[in-house]
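Geometric and topological summary
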Amino acid sequence: RPVIVTHEDFRFLVAGQMHQVKMEGDILLEPMRRDSGPAIAAAAAFVQQQKPGARVLVLASDHLIGDVAGFHRAVHLAAQAASEGRHAQDMPDFWQ
C-alpha cells in the first residue's frame, strides 16, 4: 500500500490523482517543507507502526521510469535481497 508524503498545500491534488488512477494509499502531510530525509523517516515510521517488519521502497515523485519491466525486476530482486537480510551493497543497481 503506497504512502505518499506531501506538503499540506498539495493534499487535494494528490488525493485527486490517486482517485483518477483508482489507487488506494495513505497521504502523510508535512506541515512545512523539510526536504526528503524527514519525509522518508516519517513514512518509514508510519509503515512500521501499521505493519511491523514491512519493507519500504522510497521513490522520488519527479523521476520517469522508462523501462517499467526492468524496474519491476530490480524492485523484486531488491525485495528478495532485503527479505534475506542482505546489505545495501548486495542490492541490484537500479541505474544500469
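Structural notes, computed from the coordinates. Since this is a predicted model, take the numbers as computed values, not measurements.

Conventions used here
- Residues numbered from 1 in each chain as written.
- Predicted model: local features only at pLDDT ≥ 70, side-chain atom pairs only at ≥ 80, totals over all residues.
- Heavy atoms only, no water.
- Helix = DSSP H or I, 4+ residues; strand = E, 2+ residues; numbered from the N terminus.
- Buried < 20%, exposed > 50% of the residue type's maximum accessible area, 1.4 Å probe, protein only.
- Contact = heavy atoms within 4.5 Å.
- Areas by Shrake-Rupley, 256 points an atom, 1.4 Å probe, with all protein chains shown as cover.
- Lys, Arg positive; Asp, Glu negative; His and termini not counted.
- Charge placed at Lys NZ, Arg CZ, Asp CG, Glu CD.
- Salt bridge = Lys/Arg side-chain N within 4 Å of Asp/Glu carboxyl O.
- Patch = residues over 30% accessible without salt bridge, like charges linked within 9 Å, V, L, I, M, F, W, Y side chains within 5 Å.

A word on the overall build of the protein. For the protein, the count of helices and strands is three helices and two strands. When its helices and strands are written in sequence order, the protein yields β-α-β-α-α. Overall, the protein is about 40 × 30 × 25 Å in size when its C-alpha atoms are taken along their principal axes. Counting every position in the protein, which comprises 96 residues, the buried fraction comes to 17%. For the protein, long-range pairs separated by at least 24 residues make up 25% of all intrachain contacts whose partners lie at least 6 apart in sequence. A total accessible area of about 7,800 Å² is found for the protein, and carbon and sulfur atoms account for 56% of it. Taken as two groups, the 9 positive and 11 negative side-chain charges of the protein have centres that lie 5 Å from each other.

Below, the discussion takes up the pattern of salt bridges. If you walk through the whole model with that rule in mind, you get two salt bridges. Between Arg1 and Glu24 there is a salt bridge whose closest N-O contact spans 3.7 Å. Residue Arg1 is located in the segment before strand S1 (3-7), and its partner Glu24 is located in the loop between helix H1 (11-20) and strand S2 (26-30); the two are separated by 23 residues in the primary sequence. A salt bridge links Arg1 to Asp26; the nearest nitrogen and oxygen atoms lie 3.0 Å apart. Here Asp26 lies in strand S2 and Arg1 lies in the segment before S1, a separation of 25 residues in the sequence. On the basis of relative accessible area, Arg1 is assigned to the exposed category, the value being 64%.

With that settled, consider a nonpolar patch on the surface. Together, Ile40, Val56 and Val58 make up a nonpolar patch on the protein surface, roughly 230 Å² of accessible area in all. Position of Val58 relative to the elements: it lies in the loop between helix H2 (36-50) and helix H3 (68-83). Judged by its relative accessible area of 47%, Val58 is partly exposed.

So, about unusual backbone geometry. Of note in the backbone geometry, Lys22 takes a positive phi value of approximately 55 degrees without being a glycine. Within the fold, Lys22 resides in the loop between H1 and S2. Overall, Lys22 belongs to the exposed group, its relative accessible area being 76%.

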